[in-house]
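Observations on the model geometry
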Amino acid sequence: MEWISNLVASYKTNNWMFDVSVILLITSVAFVLWRIFAKKMERLVTLTRTGWDDAIWASIWKPINWIVLTVGLAMVASVYAEDQNSALLEYIPLALTLVLTGLIAWAFLRFITHAEHKFIDQGKDETTVNALGKLMKAAVLVITALGIFQTLGFSISGVLAFGGVGGLVVGMAAKDLLANFFGAFVIYLDRPFKVGDWIRSPDRNIEGTVEHIGWRVSIIRTFDKRPLYVPNAVFSNIAVENPSRMSHRRIYETLGIRYADSKSMAAIVEEVKGMLTAHDEVDTTQTMIVNFNGFGSSSMDFFIYTFTKTTNWVHFHEVKQDVLLKVMAIIESYDAEFAFPTQTLHIEGVQPELPISPEG
């Protein structure tokens, strides 16, 4: 029976290794079963009509992966530390709590991100959705930080009091940063522009398409494709035009014909106005003016003032080209010509040459 005594003694010596092996085996089995369940659940949520179950599932499955592994590793560390009588044993539950808190916060942050994409896909205003998403993420981070401080043994009331005094000091030292933060907040409230809008400022050399509105800077892509980083505080002190929100685009052109064609001016003006009235791309409910405007140094001038239905920049120029070509055709139909700068020089004492008749 001596071998039985040796086996028992060996088991007592290597008991922690046996426990660790069992824990690792259980953790591995649990992880594999979870992965199988996760794949089936992923296929299941894709079959539903609502997209919120997709967002919830996409938010939690990765954190749960790490929760399974973290709990298993914590149990292994506890068994080993207990066998070795290590002082780390009392810190393992604390570390496990901190890690689990972080993983839960990560799941909430992932859900907020997926919810943002969901609302944007539904056609909600992207700027507003991003603003609310940032506020909710900030709230999750603050609550998580306070929970961690409480877990570590700090008094939350003391942390909040210190934060109030520290916030005053930081606010005085980082006033520009706070100005940009509140500038972003004003943009989110007033919404003078949103992501995707074409904006420009007559006060600053700023023009382009808004790509991102952050808490400190907004990114504007200029028309030569350069990124322009503008601090949000700037928008509180400048005028901003938003051509993306215009209702129409304007055609405003002054044209001149020769003085020799003065008898055709009234007919040309009338026919050009009729052409604009019948044009499919011209909005006749808006102001339309076609009038003889004045005597130029080399031409008789009339102007066109009207609005197109389209606001698209490319299509507008196609419409404008069509209008100008039709104006050109009308002028040519009256055997008139566009004027260009000319001068007639009269020299005293010199008689103008008379044309010579073919008969001599």
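For the structure, check the block above.
The structure reproduced in this document is the subject of the present report. Keep in mind it's a predicted model, so treat the numbers as computed, not measured.

Quick look at the sheet that holds strand β6 (residues 289-295) now. Here 3 strands make up an open sheet; going across it, the order is β5-β7-β6 and the pairing antiparallel. On the outer flanks of this sheet lie β5 (249-257) and β6, each paired with one strand and no other. Averaged over all pairs of adjacent strands, the angle between their axes in this sheet comes to 20 degrees, without regard to strand direction. In terms of strand pairing, β5 meets strand β7 (residues 300-308) through 9 bridges, oriented antiparallel. When the bridges of β7 are listed, glycine 256 appears paired with aspartate 301. Lying on the sheet, helix α9 (residues 313-333) is in contact with β5 and β7; it crosses β5 at an angle near 25 degrees.

Even without a glycine there, the phi angle at lysine 225 is positive, about 70 degrees. With respect to the helices, strands and loops of the structure, lysine 225 is situated in the loop between β3 (217-221) and β4 (227-231). Phi at aspartate 335 takes a positive value of approximately 55 degrees, unusual for a residue other than glycine.

Once that is clear, we can look at a nonpolar patch on the surface. Taken together, the side chains of Leu25, Val29, Val32, Leu33 and Ile36 define a hydrophobic patch exposed on the protein surface, amounting to about 460 Å² of accessible area. For leucine 33, the position within the fold is in helix α2 (residues 15-46). Taking the relative accessible area as the measure of exposure, leucine 33 reaches 53% and is therefore exposed.

A few words on the pairing of β6. Pairing of β6 with β7, which is carried by 6 bridges, proceeds in the antiparallel orientation. Residue pairing for β7: glycine 294 is matched across the bridge by aspartate 301.

Okay, α9 next. The first and last C-alpha atoms of α9 sit 31 Å apart over 21 residues, in line with the 30 Å expected at 1.5 Å per residue. Buried within α9 we find Phe316, Val319, Lys320, Val323, Val327, Ile330 and Ile331. Down the axis of α9, the buried side of the element spans an arc of 115 degrees, and every buried residue falls inside it. The outward face of α9, more than 90 degrees from its buried face, is lined by the exposed residues Val314, Gln321 and Glu332. Structurally, α9 contributes buried residues whose contacts are with β5, α8 (265-278) and β7.

Another point: the packing of helix α4 (residues 92-121) against helix α5 (residues 126-151). It is the contact of α4 with α5, at a shortest axis distance of 10 Å, that shows an interaxial angle of 175 degrees. Between α4 and α5, the crossing angle belongs to the class labelled roughly antiparallel. For the pair formed by α4 and α5, the contact residues are Leu94, Thr97, Leu98, Thr101, Ala105, Phe108, Leu109, Ile112, Thr113, Glu116, Phe119 and Ile120 on the first element and Glu126, Val129, Asn130, Gly133, Lys134, Met136, Lys137, Val140, Leu141, Thr144, Ile148 and Thr151 on the second. Of the residues in the contact of α4 with α5, the class split is 13 nonpolar, 7 polar and 4 charged.

With respect to the element layout, tyrosine 91 can be found in the loop between α3 (52-83) and α4. Tyrosine 91 sits in the partly exposed class, given a relative accessible area of 49%. For tyrosine 91 and serine 78, which are 13 residues apart along the polypeptide, the C-alpha to C-alpha distance reads 9.5 Å.

Positionally, alanine 74 belongs in helix α3. Owing to a relative accessible area of 12%, alanine 74 belongs among the buried residues under this scheme. Spatially, the C-alpha atoms of alanine 74 and isoleucine 92 are 6.7 Å apart, while their sequence positions differ by 18 residues. When residues no more than four places from it in sequence are discounted, the contact partners of alanine 74 are Ile92 and Leu96.

When two helices pack together, you describe them by how their axes are tilted relative to each other and by the distance separating the axes. Where α8 meets α9, the axes come as close as 10 Å, and the angle between the chain directions of the two elements is 145 degrees. As α8 packs across α9, the resulting crossing turns out to be right-handed. Two secondary-structure elements touch here, α8 through Ile268, Glu271, Val272, Met275 and Leu276 and α9 through Val323, Lys326, Val327, Ile330 and Ile331.

Each value, and the rule that gives it
For every chain, the first residue of the written sequence is number 1, and numbering continues from 1 along that sequence. Where local features are concerned, this predicted model is filtered to residues with pLDDT of at least 70; where side-chain atom pairs are given and counted, the filter is 80 or more; whole-chain, interface and lining totals use all residues. Side-chain metrics rest on all non-hydrogen atoms present in the structure, leaving aside hydrogens and water. Strands qualify as paired when DSSP identifies two bridges or more between them. By definition, any uninterrupted DSSP run of H or I lasting at least four residues is a helix, any uninterrupted run of E lasting at least two residues is a strand, and each is numbered from the N terminus. Only the contacting stretch of a helix is used when fitting its axis, a line to C-alpha atoms as for every element, and angles between N-to-C directions run 0 to 180 degrees. Two residues form a contact once any of their heavy atoms are found within 4.5 Å. Exposure above 30% relative accessible area and the absence of a salt bridge qualify a residue for a patch, where like charges join within 9 Å and nonpolar side chains (Val, Leu, Ile, Met, Phe, Trp, Tyr) within 5 Å. The method behind every accessible area is Shrake-Rupley, applied with a 1.4 Å probe, and residues are considered shielded solely by the protein chains displayed. In what follows, salt bridge is the name for a side-chain nitrogen of Lys or Arg lying within 4 Å of a carboxyl oxygen of Asp or Glu. The buried label goes to any residue with under 20% of its type's maximum accessible area, the exposed label to any with over 50%, and the partly exposed label to all in between, with areas taken from a 1.4 Å probe on protein chains only. One less than the residue count of a helix, multiplied by 1.5 Å, gives the span that helix is expected to have. The directions from the helix axis to the C-beta atoms form the arc being described. Each angle receives one of four descriptions, namely roughly parallel if under 35 degrees, roughly antiparallel if over 145, roughly perpendicular if within 65 to 115, and oblique otherwise. Residue type decides the class: Asp, Glu, Lys and Arg count as charged, Ala, Val, Leu, Ile, Met, Phe, Trp, Tyr, Cys and Pro as nonpolar, and the leftover types, Gly among them, as polar. Left-handed describes a crossing whose near helix is turned anticlockwise from the far helix through less than a right angle; right-handed describes the clockwise counterpart.

Spatial relationships are all this shows, so hold off on functional conclusions.
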